[in-house]
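# Results of the structural survey
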Amino acid sequence: MYRAYRIAVLPGDGIGPEVVDVAVKVLDVVQRVTKGLNLSFFYGEAGYNCIEKYGTNLPQKTIDLLRETHACLKGPMTTPEEPDAPPSVAVTIRKIFNLYANIRPCKSLPNVWAIKPNIDLVIVRENTEGLYSGKEFEVSSDKGIALRIITSEASERIARFALKLAEKRRKYVTCVHKRNILRVTDGIFRDAVFRAAREFPSVHVDEDHIDAMAMRLIKEPEKFDVIVTTNLFGDILSDEAAQITGGIGLAAGANIGDNYGMFEPVHGSAPKHAGKNRANPIATVLSAKMMMEYLGENEAAKLIEEAVMEVLSEGKARTYDLGGNSTTQDVGNALIEKILQKK
Ligand code: NAD
């Protein structure tokens, strides 16, 4: 059966264009070897590089392009930090398309250092509210207020997403919050998760405070299956989780809503490595793999995953962050070779 998908590609800033280029080449080879799969790529401008030209980091024509596609592969983008600068592109796209679930898998990989050999967990982060609602006020020159918005509706929605995911995995969800201090907002979040859990009797749900969780991720990460938490806690925990399984150059991410998905590495634009052909492309390639799963193209996703595992196991093509001296393109070529060998 013929299956055609329109994919928006936003290369982004810094190392973004280099790692996205590898991921697109990998997808292109995967579609050539997967019967019936047809991917069309549509490139859009977004990021810091757009601000001077368009006065925004996300031009309207790029938003229109996203609306005409099935999913988006997004490179990392440099976020300006001045108070009046445009907000992060990722945050804006998540809001426009209501991509409420941020999914960040964390797994021990072959021949890659990890704090424990048998880690296999997924962080499910609420993506639309919390401290990322962007509502901050300067009360006076030395006093600022940020609003942490938490609703039952968004909390139950993310809880259901995590619970459904856990049903397909090891049936265990850990709800992470700080209700002992943030009694109102995290009280709402925590109660919503346990309320939703009643609909999923096969899933065991327990809870932990964010500070204890940060410690347990180092001490006993192999015990966790699905971790569900609020926006900022999830952002911080997922960088920690990336580090305990080989680093940020391998950590993939998905932003999923009811009608659209955006896939991007967890890492940022790493400006100091930009243009040097040395960044690790695997985080972006694994994000592309998650995009194939989202589209229901499980055979294509499996091809990508197996190629990554084989290249890592062999240990010949490795970028500097994994102790090697291969280039971004070397790793891409090794992945492509593996995929072609399978067909
Ligand atoms: P970063 O992730 O860009 O880089 C931190 C360090 O991690 C780098 O110096 C590098 O040593 C390493 N690293 C990151 N990606 C790597 C890769 N693929 N291969 C090898 N090593 C890699 O974080 P930062 O320096 O805090 O942020 C840089 C910019 O990126 C900022 O403007 C930030 O706002 C932005 N950012 C964007 C996103 C996004 O677009 N979703 C996410 C995080 C940060």
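The rules we used
- Residues numbered from 1 in each chain as written.
- Predicted model: local features only at pLDDT ≥ 70, side-chain atom pairs only at ≥ 80, totals over all residues.
- Heavy atoms only, no water.
- Buried < 20%, exposed > 50% of the residue type's maximum accessible area, 1.4 Å probe, protein only.
- Helix = DSSP H or I, 4+ residues; strand = E, 2+ residues; numbered from the N terminus.
- Polar contact = N/O pair within 3.5 Å; in protein donor to acceptor, adjacent residues only side chain to side chain.
- Domains from an automatic or database assignment.
- Contact = heavy atoms within 4.5 Å.
- Buried area = accessible area lost by both parts, 1.4 Å probe.
- Salt bridge = Lys/Arg side-chain N within 4 Å of Asp/Glu carboxyl O.
- Nonpolar A, V, L, I, M, F, W, Y, C, P; charged D, E, K, R; others polar.
- 1 Å grid on protein atoms, 1.4 Å probe; cavity = no way out; pocket = protein on both sides within 12 Å on 5 of 7 lines; lining within 4 Å.
- Points joined across faces, edges and corners; volume = space filled by probe spheres on them.
- Pairing = 2+ DSSP bridges.
- Axes fitted to C-alpha atoms, helices over the stretch in contact; angles between N-to-C directions.
- Near = heavy atom within 4 Å.
- Areas by Shrake-Rupley, 256 points an atom, 1.4 Å probe, with all protein chains shown as cover.
- Phe/Tyr/Trp six-rings, centres within 6.5 Å; stacked < 30°, edge-to-face > 60°.
- Lys NZ or Arg CZ within 6 Å of the ring centre and 35° of its normal.
- Arc of directions from axis to C-beta.

## Comments concerning helix α4 (residues 89-96)
- Those residues of α4 not exposed but buried are Val89, Ala90, Val91, Ile93 and Arg94.
- With a side-chain oxygen positioned 3.3 Å from the backbone nitrogen of alanine 90, the residue opening α4 is serine 88.

## Some thoughts on the domain arrangement of the protein
- Per the domain assignment, the segments of the protein are domain 1 (1-101 + 251-343) and domain 2 (115-244).
- The C-alpha-based centres of domain 1 and domain 2 are spaced at 25 Å.
- Listed as interface residues are 11 residues of domain 1 and, on the opposing side, 11 residues of domain 2.
- For the pairing of domain 1 and domain 2, the buried interface totals around 960 Å² over both sides, and the portion due to carbon and sulfur atoms is 59%.
- Of all residues in domain 1, Arg94, Tyr100 and Ala101 give up the largest surface area on contact with domain 2, accounting jointly for 52% of the area buried on that side.
- Our count for the domain 1 to domain 2 interface comes out at zero salt bridges.
- Applying the counting criterion to the domain 1 and domain 2 interface returns three residue pairs in polar contact (both at pLDDT 80 or more).
- Of all the secondary-structure elements, those providing two or more residues to the side of domain 1 that touches domain 2 are α4 and β11 (252-256).
- When residues of the side of domain 1 that touches domain 2 are assigned to their parent elements, the largest contribution, three residues, is made by α4.
- Within the side of domain 1 that touches domain 2, the residues separate by chemical class into seven nonpolar, two polar and two charged.

## Some points on empty space enclosed by the protein
- Counted under the stated rule, the structure contains one cavity of 30 Å³ or more.
- Lining the largest cavity are Val91, Arg94, Lys95, Asn127, Thr128, Tyr132 and Asn231.
- For the lining of the largest cavity, the element with the highest residue contribution is α4, accounting for three residues.
- A per-class count over the lining of the largest cavity returns two nonpolar, three polar and two charged.

## Considering the sheet that holds strand β12 (residues 261-265)
- One open sheet holds the 10 strands; their spatial order is β2-β1-β3-β12-β11-β4-β5-β10-β8-β9, and the pairing between them is mixed. Two strands bound the open sheet, and with one partner strand each, they are β2 (37-43) and β9 (204-209). Sheet twist, expressed as the average angle between the axes of neighbouring strands with direction ignored, equals 25°.
- Where strand β8 (residues 172-177) meets strand β10 (residues 226-229), four bridges bridge the pair, whose relative direction is parallel. In the strand pairing of β10, valine 173 is matched with valine 226.

## Brief notes about the environment of leucine 217
- Within the element layout of this structure, leucine 217 appears in helix α7 (residues 210-219).
- For the pair leucine 217 and alanine 46, spaced 171 residues apart in sequence, the C-alpha separation works out to 34 Å.
- Among all residues touching leucine 217, those that are not within four sequence positions of it are Leu121, Ile227, Leu237, Glu240, Ala241 and Ile244.

## Let's talk about the site of the ligand
- Lining the immediate environment of the ligand, one finds 21 residues, of which Met77, Gly268, Ala270, Asn280 and Tyr320 sit closest.
- Between methionine 77 and the ligand, the recorded distance is 2.9 Å, taken from a backbone N or O atom to an oxygen atom.
- Within the complex, 69% of the 810 Å² of free accessible area of the ligand lies under protein.
- Looking at the shell around the ligand residue by residue, the class counts come to nine nonpolar, eight polar and four charged.

## Structural notes on the pattern of salt bridges
- Within this structure, the stated rule accounts for 28 salt bridges.
- In this structure, lysine 61 and glutamate 45 form a salt bridge, with 3.4 Å as the shortest nitrogen-oxygen distance. Placement of lysine 61 in helix α3 (residues 60-67) and of glutamate 45 in the loop between β2 and α2 (51-54) is noted, with a sequence separation of 16 residues between them.
- Residue glutamate 264 pairs with arginine 94 through a salt bridge whose shortest N-O separation is 2.9 Å. Highlighted residues: glutamate 264 in strand β12 and arginine 94 in helix α4, separated in sequence by 170 residues.

## Some remarks on the pairing of β11
- Most of β11 sits inside the fold, with five of its five residues counted as buried.
- Because side chains alternate across β11, one face comprises the buried residues Ala252, Ala254 and Ile256, and the other comprises Gly253 and Asn255, equally buried.
- Strand direction decides the pairing type here: strand β4 (residues 101-107) and β11, joined by three bridges, are antiparallel. Residue pairing in the sheet places asparagine 102 in a bridge with asparagine 255 of β11.
- Pairing of β11 with β12, which is carried by five bridges, proceeds in the antiparallel orientation.

## Quick word on the packing of aromatic side chains
- Summed over the entire model, instances satisfying the criterion amount to three aromatic pairs.
- We note arginine 190 situated over the ring of phenylalanine 194; from NZ or CZ to the ring centre the distance is 4.2 Å.
- Sitting over the face of the ring of tyrosine 320, arginine 278 holds its NZ or CZ atom 4.2 Å from the ring centroid.

## Side note on α7
- Within α7, the full set of buried residues consists of Ile210, Met213, Arg216 and Leu217. All buried residues of α7 fall inside an arc of 115° around its axis, so they share one side.
- The inward-facing, buried residues of α7 contact β5 (120-126), β8, β9, β10 and α8 (231-244).

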